Amino acid sequence: MDLRDRPTDSAFRAEIREFLDSHLVGEFADLGGRGGSGDETFEFDARLRWEKVLAQGGWTCVGWPAAYGGRGASMTEQVIFYEEYARAAAPGRVSVLGEGLLGPTLIHYGTEAQKERFLPPIRSGTELWCQGYSEPDAGSDLANVATRAELDGDEWVVNGQKVWTSLAHQADWCFVLCRTDPGSRRHHGLSYLLVPMDQPGVEVRPILQLTRTSEFNEVFFDGARTDRSNVVGAVGDGWRVALATLAFERGVALLGHQLGFVRELDALIARAQENGRSRDPVMRQRLAQAHAELTIMRYNTLRSLAGIDGPVASPQASIAKLYWGSWHRRLGELALSVLGPDAMILDGAISDAAYELNDSQRTFLNSRAETIYGGSNQIQRNIIGERVLGLPPEPKGAQ
């Protein structure tokens, strides 16, 4: 695998660097790269303004085909974009679910009318989306979805509950996996609906965390309505479309995520040098181990992305998910070890309603969730065992 830039790659890298250098200033530079996973509520309005700056410069949806307003960037160019975005400490994107998940799904499975209606507002950052997958009894076991939808004339009527819905309180629309065949079970009889959030039949209840912030929510559908045409793919074929969305979730953006890990590790090493804990040989070994494992993560991710075309997540993607989630959790534990007793001290309240964590505390808490969301470590091990290693599947009950 040749990781060196070709001349065209170097030109593309220079173009995105020039844009970021000239536009990531003022209030946007002050964001300091925050607003990523587990920190989604940080300075949301400023990050939304940044989204529109990106859109005006043509730097949203870079991997979309040019016919749908993207740049038609190659896989290599997309990797470069996310690398440079992370290196510049640009803020976490507010439209990641629309741009990274729903948009590509619509491009592959949506009707032309759906593409014309929904893709431009995603590209411009004027409509935000959330993901209606998980339910109280259907998390990693997504096929157990119970939220239902029934046709009433020209509209679908949706009833049920979703949970852990990131930024539902900010979203304009939700892509909802629901059961449209009332007699169906498991992955049969599901459909993928696009549902507007601003209506009487939708109630969003924030889930309060220990930090008194709420990045994710419960969403209750009680007679919520959406147009009959807002089904992506065929009625009853929602499982295939939903899996395609999950495949996009594990795509090239993961490399940019890893550049954020590099910044975290570099800052942790600097902190260990400042407080003298780097003089401990055991601590030095743990920091060196984290560095070596992060390098391995990058190479494995590049290998897993090689040859990908379209919404197909290879089983090897589960190896990447298991690896990076577990690594980041260990980094969070290491961060608190570097801080020592200071890890128990808050830097200070930011308001009466919530309090601020330092970077190490935030990494420790949020990385615990990363081994659960997007498919728990246990589910990933099952996939690796059965689909990569060819081991016998675990016994299953009657379907």
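All of these numbers come straight from a predicted model, not from anything done at the bench.

## Re the packing of aromatic side chains
Inference 1: In the structure shown here, the tally under the stated rule is 15 aromatic pairs.
Inference 2: Each ring, one from Trp59 and one from Phe81, has its centre 5.9 Å from the other, and the planes form 10°; the classification is stacked. Here the residue Trp59 occupies a position in the loop between α3 (44–56) and α4 (75–87), and Phe81 occupies one in helix α4, the gap between them amounting to 22 residues. With respect to burial, Trp59 and Phe81 carry one shared label: buried.
Inference 3: Grouping aromatic residues by their ring pairs yields a cluster made of Phe12, Phe19, Trp59, Phe81, Tyr82 and Tyr85.
Inference 4: Its guanidinium or amino end placed over the ring of Phe42, Arg34 lies 3.8 Å from that ring's centre, counting from NZ or CZ.
Inference 5: The ring centre of Trp324 lies 5.6 Å from the NZ or CZ of Lys321, which sits over that ring.

## Topic: the nonpolar core
Inference 1: Judged by nonpolar contacts, the single largest core of 25 residues is most densely connected at Leu102, Trp129, Phe175, Tyr192 and Leu194.
Inference 2: Those elements that provide at least two residues to this core are α5 (96–109), α6 (112–124), β4 (173–179), β5 (190–196) and α7 (238–249).
Inference 3: Sorting elements by how many residues they give to this core places α5 first, with 5 residues.
Inference 4: With residues near it in sequence (within four places) discarded, Tyr192 still touches Leu102, Thr105, Tyr133, Phe175, Val176, Asn230, Val231, Val232, Gly238, Val241, Ala242 and Thr245.

## With respect to the packing of helix α1 (residues 7–23) against α3
Inference 1: Put simply, α1 and α3 touch, their axes get as near as 12 Å, and they point 140° apart. Taken together, the axis directions place α1 and α3 in an arrangement best described as oblique. Viewed along their axes, α1 and α3 form a crossing whose handedness is right-handed. Of α3, the residues touching α1 (which contributes Phe19, Leu20 and His23) are Trp50, Val53 and Leu54.
Inference 2: In the contact of α1 with α3, the residues fall into 5 nonpolar, 1 polar and no charged.

## Digging into helix α12 (residues 377–388)
Inference 1: In this model α12 runs 15 Å from its N-terminal to its C-terminal C-alpha over 12 residues, within 8% of the 16 Å that 1.5 Å per residue would give.
Inference 2: Along α12, the residues that are buried comprise Asn377, Gln380, Ile383, Ile384 and Gly385.

## Focus: the side chain of Thr147
Inference 1: Turning to its location among the elements, Thr147 is positioned in the loop between β1 (129–132) and β2 (148–152).
Inference 2: By relative accessible area, which is 1% here, Thr147 ends up buried.
Inference 3: A distance of 2.8 Å separates polar atoms of two side chains, one belonging to Thr147 and the other to Glu135.
Inference 4: A distance of 3.3 Å separates a polar side-chain atom of Thr147 from the backbone nitrogen of Gln161.

## With respect to the pattern of salt bridges
Inference 1: Tallied over the full model, the rule gives 21 salt bridges.
Inference 2: When the shortest N-O distance is used, the salt bridge between Asp359 and Arg362 registers 2.9 Å. Of this pair, Asp359 and Arg362 both sit in helix α11 (residues 359–370), 3 residues apart, roughly one helical turn.
Inference 3: Note on Arg362: relative accessible area 12%, which makes it buried.
Inference 4: One network of salt bridges, in which partners are shared, links Arg13, Arg17, Glu83, Glu84, Arg87 and Arg298.

Conventions we followed
Counting starts from 1 at the beginning of each chain's written sequence and moves along it residue by residue. The predicted nature of this model means local features are confined to residues of pLDDT at least 70 and side-chain atom pairs, given and counted, to a pLDDT of 80 or more, with totals for whole chains, interfaces and linings taken over all residues. Excluded from the side-chain calculation are hydrogens and water; included are all heavy atoms of the structure. A pair of aromatic rings is counted whenever rings of Phe, Tyr or Trp (Trp by its six-membered ring) have centres within 6.5 Å, and the orientation is called stacked for planes under 30 degrees apart, edge-to-face for over 60 and tilted otherwise. Comment: elements are numbered from the N terminus, with helices defined as DSSP H or I runs of at least four residues and strands as E runs of at least two. Classification of residues uses two cut-offs on accessible area relative to the type maximum, computed with a 1.4 Å probe and protein chains only: under 20% is buried, over 50% is exposed, and between them is partly exposed. Remark: a charge is flagged as sitting over a ring if the NZ atom of Lys or the CZ atom of Arg is within 6 Å of the ring centre and within 35 degrees of the ring normal. Take the buried Ala, Val, Leu, Ile, Met, Phe, Trp, Tyr and Cys residues and link them wherever side-chain atoms come within 4.5 Å; each set so joined is a nonpolar core. Here, residues are in contact when the closest pair of their heavy atoms is within 4.5 Å. Axis definition: a line fitted to C-alpha atoms, limited for helices to the stretch in contact. Angles are taken between N-to-C directions and run from 0 to 180 degrees. Oblique is the label for every angle not falling under 35 degrees (roughly parallel), over 145 degrees (roughly antiparallel), or within 65 to 115 degrees (roughly perpendicular). What makes a crossing left-handed is the near helix being turned counterclockwise from the far one by less than a right angle; a clockwise turn instead makes it right-handed. Charged residues are taken to be Asp, Glu, Lys and Arg, nonpolar residues to be Ala, Val, Leu, Ile, Met, Phe, Trp, Tyr, Cys and Pro, and polar residues to be all remaining types, Gly included. Each residue after the first adds 1.5 Å to the expected span of a helix. Pairs of N or O atoms within 3.5 Å make up the polar contacts considered here, provided that, within protein, one atom can donate a hydrogen while the other can accept it, and that residues adjacent in sequence are counted only when both atoms are side-chain atoms. By definition, a salt bridge exists where a carboxyl oxygen of Asp or Glu is found within 4 Å of a side-chain nitrogen of Lys or Arg.

By themselves, these observations are geometric and do not establish any function.
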